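Below, each chain spelled out in residue letters.
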Amino acid sequence: MARSEKDKMLAGEPYHPEAPELLAELAACAAWLARYNAALGRPGEWHDLLGERLGTVGEGAIVRPPFHCDYGFQIQLGARVFINYNCVILDTAPVTIGDDTRIGPAVQIYAADHPRDPQLRRSGVESGKPVTIGANVWIGGGAIILPGVRIGDDAIVGAGSVVVRDVPDGATVAGNPARIIAHRQQD
């Protein structure tokens, strides 16, 4: 039995994003996003709405609309996560955000990836690489997190940074590409 393109996507394998089951998921997410983003002035509704679509929504998690994602169900938010306005999460692979993490406005988190080989890219396949953001992380406004990156606990990502590689626990990174500029001393 042939595996579906959604099954391939969920397994982290190359898949065709125009497959009917994925187009249906994108449409369902778009309809949910329209409802969620329309609730901008009604923060009391946000948590329940997030629970309708996201994989996990921890206690006290806040995502300020407008918010954008591909599917939603691959996003895991820990307790007390705060995501500011205009965040984009491309969740073709799991995106996990740990407890007490703060994400500034206009941050972009990309789990979606494309082949490096031009011929394969031309075929229309894509893939995803999980993004993991630890606990008590602060990501400044306008930062971009690329596919496959892991940001460790207690790290800080400077505003406008482009994070292309893993960030160790307690490190402060900034720039394009983001580089370590400080490291918190462990007790």
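What counts and how
Residues numbered from 1 in each chain as written. Predicted model: local features only at pLDDT ≥ 70, side-chain atom pairs only at ≥ 80, totals over all residues. Heavy atoms only, no water. Helix = DSSP H or I, 4+ residues; strand = E, 2+ residues; numbered from the N terminus. Buried < 20%, exposed > 50% of the residue type's maximum accessible area, 1.4 Å probe, protein only. Contact = heavy atoms within 4.5 Å. Areas by Shrake-Rupley, 256 points an atom, 1.4 Å probe, with all protein chains shown as cover. Pairing = 2+ DSSP bridges. Phe/Tyr/Trp six-rings, centres within 6.5 Å; stacked < 30°, edge-to-face > 60°.

Participant: Sorry if this is basic, but what is going on with the overall build of the protein chain here?
Facilitator: A count of helices and strands for the protein chain gives 4 helices and 19 strands. For the protein chain, the C-alpha atoms occupy an extent of roughly 55 × 45 × 25 Å along the three principal directions. Within the protein chain, the proportion of its 187 residues that are buried is 43%. Sequence separation of at least 24 residues holds for 27% of the intrachain contacts in the protein chain that already meet a minimum separation of 6. Counting every atom, the protein chain has about 9,000 Å² of accessible surface; 56% of that belongs to carbon and sulfur.

Participant: Honestly, the environment of G78 in this entry has me stumped. Any pointers?
Facilitator: Considering the arrangement of structural elements, one finds G78 in the loop between β4 (75-77) and β5 (82-83). By relative accessible area, G78 is classed as buried at 13%. Remark: the alpha-carbon pair of G78 and G58, spanning 20 residues in sequence, is separated by 4.5 Å. Other than its neighbours up to four places away in sequence, G78 contacts G58, A61, I97, G98 and D99.

Participant: Can you walk me through the sheet that holds strand β3 (residues 67-69) in this structure?
Facilitator: Strands belonging to one sheet form pairs held by backbone hydrogen bonds; the direction of such a pair is parallel or antiparallel. Taken in spatial order, the 5 strands line up as β3-β6-β9-β14-β17 in an open sheet, and their pairing is parallel. Two strands lie at the open edges of the sheet, namely β3 and β17 (162-163), each paired on one side alone. Here β3 runs beside strand β6 (residues 87-90); their pairing, made up of 3 bridges, is parallel. Paired with F67 across the bridge in β6 is C87.

Participant: Honestly, the packing of aromatic side chains in this entry has me stumped. Any pointers?
Facilitator: For the structure on display, the rule yields 3 aromatic pairs. Measuring from ring centre to ring centre gives 5.3 Å for W32 and Y36, while their planes differ by 25°; the resulting arrangement is stacked. With W32 and Y36 both in helix α2 (residues 20-38) and 4 residues apart, this pair spans about one turn of that helix. Here the two residues W32 and Y36 agree in accessibility, since each one is buried. Ring plane angle 75° and centroid distance 6.5 Å describe the contact between Y36 and F67, whose orientation is recorded as edge-to-face. Highlighted residues: Y36 in helix α2 and F67 in strand β3, separated in sequence by 31 residues. In this structure, Y36 and F67 share a single accessibility class: buried.

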